[in-house]
Amino acid sequence: MTTYDVVIRNGTVVTAAETTQCDIGIRNGKVVTLADSLDDADRVIDATDKLVMPGGIDSHCHIEQESSGGIQSADDFYSGTVSAVHGGTTTIIPFAAQHRGQSLVDVVQAYHELARPKAVIDYAFHLIISDPTEEVIAKELPALIDDGYTSFKVYMTYDALRLDDRQMLDILACAREEGAMVMVHAENHEMIQWLTSRLLDRGHIEPRYHAIAHAGIAEGEATHRAIRLSELVDTPILVVHVSDQKAINEIRAAQAAGLRIYGETCPQYLFLTAEDLDRDGMEGAKYCCSPPPRDDANQQLVWDGLANGTFQVFSSDHAPYRFDETGKLSAGPNPPFTKIANGVPGIELRLPLLFRGVKEGRLSLQQFVTLASANAARIYGLYPRKGTIAIGSDADIAIWDPEAEMTVSYDQLHDDVGYTPYEGIQLTGLPVTMLSRGRVVVDEGELLVDRGSGEFLRCERPAMARPLGRLLREVDPSRNFGADILDEDMISGDAGQGAS
Ligand code: DUC
Ligand code: ZN
Ligand code: ZN
């Protein structure tokens, strides 16, 4: 009998903390030894000249989800996870999305039934809450958080999803009491609606006007408001898919003031602009997402925010809709921009695109791993099981060839979308061998595992979701004439990066 199931030899091992030369011994799906020279394994993988990194975590993607407008996303849990793992990702956190009137518990059950027989890599779920009834807040959410669904997304726009400020406060207070992370889609609904009706009244219906209706200032205002709501309740939030200077400045100012405000951005804000929505005919529909891509100056600010730590998370926000009547063109061949399904694919190219930042000297390898996986694991309660290479961690490992080259072309990808917005982009640095819990899932482009071999992950309550314990006067019973507004059972304080 051999000592290890798998040994990875001669690689450069990169984690969020350091870069070292060592071999990795894997047994029963876990990393069990890190040492100078290992052998005695059933399978030895030679990683000479390769980077050996934690498998990526894509913590914002929409898989087998029906949009609030009733459009089905193109990828199911098979194509979505196969595509993810070919791009360096070994864990996804998609959404179990509540439509109004639905029980959250039923929604979660339904998503499990979709994922269990198909996923090839591990997955957790965030909840999308569009109907925060008394039952949802008082009963369903606390029970689901106990069961490992410790993060949820709320929307400040979209008629079918948006919550008003008071509902947001109810959800934040619940998250505070139960120890969950709240993700916020921050855009000012009324600004968008006002701009939209003016645009449509004047006949401006083409896809490019989507980028005008979803103005940067609408994102900035809602981000400001979300931060103030979070501050009132003393509950951390993560502002998702940030695209624009005004929102970036709001997040950075809040962080500088010591608030637990986290930011996420995505490849579309680094590589696409509003000009892409102005491509010929309906081609621009492929690039419609919310918030929309902005301009070159904002791309630079987003890169800066990744490098200077304003953003903790880099997700794909893979929201895949085919360019046909099932997806982008479901309202006909020439729909107004308001009827185009929102979202772009990116689950497979997220990390190769981010690696451009390493190649161009914008990001260190440590920052790459931090953004690719470690911080998502920390923020969503999966660390150190996921997001690092350490004794006892799951052996979720991405072996990258830092010199491999690719000119992006859709026929090399594995999703079911039918196009990529990144067609023609030159990339250097690609994952070549992927392990999930010690199983070799992909080697040299070949998928080696069965449907349904991925496992559901229960998330812990994230330390980074803990309140600061720094209360505004109005919610502090020692200064508000004794009014007990917030439940003080919740442990506040240290949100240390190590614990989950
Ligand atoms: N929000 C998302 O998170 N994804 C796609 C579209 C949107 O509005
Ligand atoms: Zn969103
Ligand atoms: Zn999304």
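Details of the structure are given in the entry above.
**As for helix 3 (residues 134-146)**
Logical step 1: Compared with the 18 Å implied by 1.5 Å per residue over 13 residues, the 18 Å span of helix 3 between its first and last C-alpha is a close match.
Logical step 2: At Glu140, helix 3 shows its maximal kink, close to 40°; a proline, Pro142, follows between one and four residues later.
Logical step 3: Every buried residue belonging to helix 3 is among Val136, Ile137, Glu140, Leu141, Pro142, Leu144 and Ile145, and all of these are buried.
Logical step 4: The inward-facing, buried residues of helix 3 contact helix 2 (104-115), strand 11 (126-128), strand 12 (151-155) and helix 4 (165-178).

**Examining the nonpolar core**
Logical step 1: Ranked by internal contacts, the top residues of the largest apolar core, which has 132 residues, are Phe152 and Phe368.
Logical step 2: Take this core: its biggest share by element is eight residues, from helix 12 (residues 365-379).
Logical step 3: Residue contributions to this core reach at least three from each of two domains, namely domain 1 (4-20 + 34-52 + 393-447) and domain 2 (54-379).
Logical step 4: The next biggest cluster of nonpolar side chains, apart from the first, holds 17 residues, and it includes Val31, Ile45, Ala395 and Ile397.

**Some words on the sheet that holds strand 7 (residues 51-54)**
Logical step 1: One open sheet holds the seven strands; their spatial order is 3-2-7-17-18-19-20, and the pairing between them is mixed. In the strand order of this sheet, the two ends are held by strand 3 (19-21) and strand 20 (446-447), each with one partner.
Logical step 2: Relative to strand 20, strand 19 (residues 439-443) is paired through two bridges, and the arrangement is antiparallel. Within strand 20, the residue paired with Val442 across the bridge is Leu447.
Logical step 3: Sheet strands in contact with helix 12 are strand 2 (12-14), strand 3, strand 7 and strand 17 (397-407), and its direction is about 35° off that of strand 7.

**Section: the pairing of strand 19**
Logical step 1: The sheet contact formed by strand 18 (residues 426-436) and strand 19 spans four bridges and is antiparallel. Opposite Thr433, over in strand 19, you have Asp443 as the bridge partner.
Logical step 2: Counting the residues that bridge the hairpin from strand 19 to strand 20 gives two residues, and of these Glu444 lies at a positive phi of roughly 45°.

**What to know about the coordination of the zinc ion (ligand 3)**
Logical step 1: Bound to the zinc ion (ligand 3) on the protein side are His60 (NE2), His62 (NE2) and Asp317 (OD), at distances that span 1.9 to 2.0 Å.
Logical step 2: Summarised as a motif, the one-chain spacing of the donors to the zinc ion (ligand 3) is H-x1-H-x254-D.
Logical step 3: The zinc ion (ligand 2) is placed at 4.2 Å from the zinc ion (ligand 3).
Logical step 4: When its relative accessible area of 0% is taken as the criterion, His60 is described as buried.

**Observations regarding empty space enclosed by the protein**
Logical step 1: The tally for this structure, following the rule as stated, stands at two cavities of 30 Å³ or more.
Logical step 2: One number sums up the size of the largest cavity: a volume of about 40 Å³.
Logical step 3: The wall of the largest cavity is formed by Pro345, Gly346, Ile347, Glu348, Leu349, Leu413, Asp415, Tyr419, Thr420, Pro421 and Tyr422.
Logical step 4: Of the residues in the lining of the largest cavity, the class split is seven nonpolar, two polar and two charged.
Logical step 5: Residue contributions to the lining of the largest cavity reach at least three from each of two domains, namely domain 1 (4-20 + 34-52 + 393-447) and domain 2 (54-379).
Logical step 6: In this model, the second largest cavity occupies a volume close to 30 Å³.

Calculation notes
Residues numbered from 1 in each chain as written. Chains lettered and ligands numbered in written order. Predicted model: local features only at pLDDT ≥ 70, side-chain atom pairs only at ≥ 80, totals over all residues. Heavy atoms only, no water. Helix = DSSP H or I, 4+ residues; strand = E, 2+ residues; numbered from the N terminus. Expected span 1.5 Å × (residues − 1). Bend = angle between axes of the 7 residues up to and from the residue. Buried < 20%, exposed > 50% of the residue type's maximum accessible area, 1.4 Å probe, protein only. Contact = heavy atoms within 4.5 Å. Core = buried A, V, L, I, M, F, W, Y, C linked by side-chain atoms within 4.5 Å. Domains from an automatic or database assignment. Pairing = 2+ DSSP bridges. Axes fitted to C-alpha atoms, helices over the stretch in contact; angles between N-to-C directions. Donors = N, O, S within 2.8 Å, 3.2 Å for Na, K, Ca; no water. 1 Å grid on protein atoms, 1.4 Å probe; cavity = no way out; pocket = protein on both sides within 12 Å on 5 of 7 lines; lining within 4 Å. Points joined across faces, edges and corners; volume = space filled by probe spheres on them. Nonpolar A, V, L, I, M, F, W, Y, C, P; charged D, E, K, R; others polar.

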